[in-house]
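Letter by letter, the chains look like this.
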Amino acid sequence: MTRGRHTAGRPSLRTRLTPRRALVAAVAVAAVLGAVIVPPPATTTAAWTDSERTYGLVGTSRFTCGTDTGYAAAASSRFARGSLAGTDLDTVAALRGADLARTRAGVVTAVPTSPAPTTDAGGTTTFRNPLSVSAGSGLVGLDLTGLGTNLPVGSAGALNQFTRVAPTGTAAAASGLVSDSGGLGVTPTTPSTSLPGPARIGLTSVLPATTALDRADLTVGAVASSATLDGCRALESRIWGDGSVTGVVRDYGVAGLGLELRSPAVAGLAGQVSSTVTSLNFAAAGLAGPNGTISGVVKSGVLGTVTALTNLLSLGSVSGDVVVSGLNLQAAVDPLLAGSLTSTDGTVTITPSTGLVRVDLVKLVGPTGGINGLAPNTELVLSATAMNSITASVGGLLDGLTSSIVTALKAAVDRVNLDVALKVDLTATLLGAAVPVLRVDVVVKGSLSQVLASPSTAQASVTGTVLPVLGLGAALSAVLNGLLTPLANSAPALVGSIATLVTATLVTPITTLGSTLSTTLAPVVTAVGALTARLPSALSLRVNLRPDQPGYPGGVVTTAPADKWSTSPYQVGALRVALSAGATTVTSLDFATSRVGPVSTVPR
């Protein structure tokens, strides 16, 4: 077959096509060839040099972010949300958040309706609904009053709730210790002096009952979160970009987390010690004076030395004085009882005056850099090892406190000065009458630490003088002179007798106090151990909560946009506290939650 010829019965292509069909086929071929020859532009927002965008069959649209208006936007903030012992906090009017919504037509709705939102000349609406620290009053297990103390100058309050929407498609929300413009007041560099006190969540409902600890709270320092969404940028990325989330910024801050336990036994330490100090002061007063117990020991010692050699003499009058000075036991223990004790790692602090045992959970279970700036949905794990360390620290601190009290009291006794200057007259019966015939001067000077030392280092002397008495007789005179040397040699024994008296009067009661305090405090350590052993299964703590990110409790929560011209909502919560009794979650509280979006527009 030659070129141009056709098989019989088969017309050529040219003869088979009508003119109209030929035209359509030619256009189709040209379209295919054009699609092959001319590649489409890259699907990235960076490839565009102007604000025109195309998508599917909607034609050409123009996005000028920051200038375009007519967007619908929503924002919401809640300082506290969730459930508390069966109470849904969203139903508690005093804890109502701040919800703000704007339609494409510019209709703005705020919930609650009071206080009223404000709208500036450009159409941006701001809504603030700060809470009072008494907002949680009446709710068992939640105390927010601490957040109202020590507020930094210029602060909008630790329970602020802020929202903002704009016609250009931006939305912002912030909650907690934030400024009136939505800025976080809790950052990793915020000094503690610029932070308020903590809120408290009761733990007694999920922990073992005990009389040794009458209160157990989780303390939550100032918290804050913020979220902003540039809806125009987010839609631009979604429709024409790579689909990544663009134009969303979320942040959070938690100033501190801790445990606060109260022990009546620890709070009662000051009373126990003060009672002992009062008894010791009374006993010390009984040591002094010419008729005090030290004077009695001196008289007995002198008479005992003489009686061992002769029975011709009897005890006569005693003059002089015994002075005990410088005893200040209460001042020795006041700093211990009024101050605080902290473990070497800084995680546990005990304040005896209040009976409070505080545990810094950030130091104990948080990473080295603190608990701010962590990955979304980070759980702070209360490991058994960490909880055991609390018990060990409490036991060590209470043992140390007991030891310090005993040591301080004994040191105070050691510093006491003793000045004995007594004259003891011994009498003999002459012509039927008792006549003083021998005067014994007893001198003991020094601190009680010198008196109590073995051998004693106190200054001590016993000196006898035969009194001039008419009719004394040579025989009796010889007896009296024979007593002078034994009396002088009795000084060390006499000081030893005084030391024994001081030990029984002052030192032994102090030692007994130490044993009593140890016995009193032992149940506290046991109770702390039982509590901390329960915590890993009863208490869950998470920071930087983001429902759209992996690790969110219960699984990732995704909210699909209504259409391709709407963004998803984006949320962040500073802290979630969950308390469980067995398999039942009793309380689940989210602090400082901020939510922005969705933002939507119409095809352009």
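Just above, that's the structure.
Counting restarts for each chain: residues are numbered from 1 in the order of the written sequence. Residue-level local features of this predicted model are given only where pLDDT is at least 70; pairs of side-chain atoms are given and counted only at 80 or more, and the full residue set underlies all totals for whole chains, interfaces and linings. Calculated side-chain values reflect all of the structure's heavy atoms, with hydrogen atoms and water omitted.

A. Structural detail: the pattern of salt bridges. A pair is scored as a salt bridge if a Lys or Arg side-chain nitrogen falls within 4 Å of a carboxyl oxygen belonging to Asp or Glu. Counted according to the given criterion, the structure contains 15 salt bridges. For Lys 423, the salt bridge is made with Asp 441, and the minimal N-O distance between the two is 2.6 Å. Of this pair, Lys 423 sits in strand β22 (residues 417-430) while Asp 441 is found in strand β23 (residues 433-447), placing the two residues 18 residues apart along the sequence. Connected through salt bridges with shared partners, the residues Arg 200, Arg 215, Asp 217, Glu 260 and Arg 358 form a single ionic network. Helix and strand definitions follow DSSP, with helices as H or I runs of at least four residues and strands as E runs of at least two, each counted in order from the N terminus.

B. Examining the environment of Ala 421 more closely. Relative to the helices and strands, Ala 421 resides in strand β22. For the pair formed by Ala 421 and Asp 441, sequence separation is 20 residues and the distance between their alpha carbons is 7.3 Å. Look past the residues within four positions of Ala 421 in its chain and what remains in contact with it is Ser 319, Gly 320, Asp 321 and Val 442. In what follows, residue pairs with any heavy atoms lying within 4.5 Å of each other are defined as contacts.

C. Looking closely at the packing of helix α5 (residues 269-287) against helix α7 (residues 329-338). The geometry of α5 relative to α7 is characterised by a closest axis approach of 10 Å and an angle of 170° between their N-to-C directions. As the angle between them shows, α5 and α7 are arranged roughly antiparallel. Contacts from Leu 269, Ala 270, Val 273, Ser 274, Val 277, Leu 280 and Asn 281 in α5 reach Leu 329, Gln 330, Val 333 and Leu 337 in α7. Residues are grouped as follows: Ala, Val, Leu, Ile, Met, Phe, Trp, Tyr, Cys and Pro are nonpolar; Asp, Glu, Lys and Arg are charged; every other residue, Gly included, is polar. In terms of residue class, the contact of α5 with α7 is made up of eight nonpolar, three polar and no charged. Helix axes use the C-alpha atoms of the stretch in contact, all axes being lines fitted to C-alpha atoms, and the angles between their N-to-C directions lie in the range 0 to 180 degrees. Under this scheme an angle from 65 to 115 degrees is roughly perpendicular, one under 35 degrees roughly parallel, and one over 145 degrees roughly antiparallel; angles in between are oblique.

D. Spotlight on the state of the cysteines. By disulfide we mean two sulfur atoms from cysteines, separated by a distance within 2.5 Å. Across all of its chains, the model carries one disulfide by this definition. Sulfur-sulfur distance for the disulfide between Cys 65 and Cys 232 comes to 1.9 Å. For the disulfide bridge between Cys 65 and Cys 232, the dihedral angle about the S-S bond is near -80°, and by the sign convention the bridge is left-handed. Taken together, the positions of Cys 65 in the loop between β2 (60-62) and β3 (73-84) and Cys 232 in helix α3 (residues 231-240) put the pair 167 residues apart, joining distant regions of the chain.

E. Quick look at the side chain of Thr 305. Along the chain, the position of Thr 305 falls in helix α6 (residues 293-307). If we ignore the near neighbours within four places in the chain, the residues touching Thr 305 are Pro 486, Leu 487 and Ser 490.

F. Examining the sheet that holds strand β13 (residues 215-220) more closely. A strand pair is defined by DSSP finding two or more bridges across the two strands. Taken in spatial order, the seven strands make up an open sheet running β9-β12-β13-β16-β20-β19-β18, and their pairing is antiparallel. Every interior strand has two partners, whereas the edge strands, β9 (142-143) and β18 (341-342), have only one. Relative to strand β20 (residues 356-360), strand β16 (residues 257-262) is paired through five bridges, and the arrangement is antiparallel. Residue pairing in the sheet places Arg 262 in a bridge with Leu 356 of β20. Strands in contact with helix α9 (residues 384-414) are β16, β18, β19 (348-351) and β20; relative to β19, the strand with the most contacts, it is inclined by about 40°.

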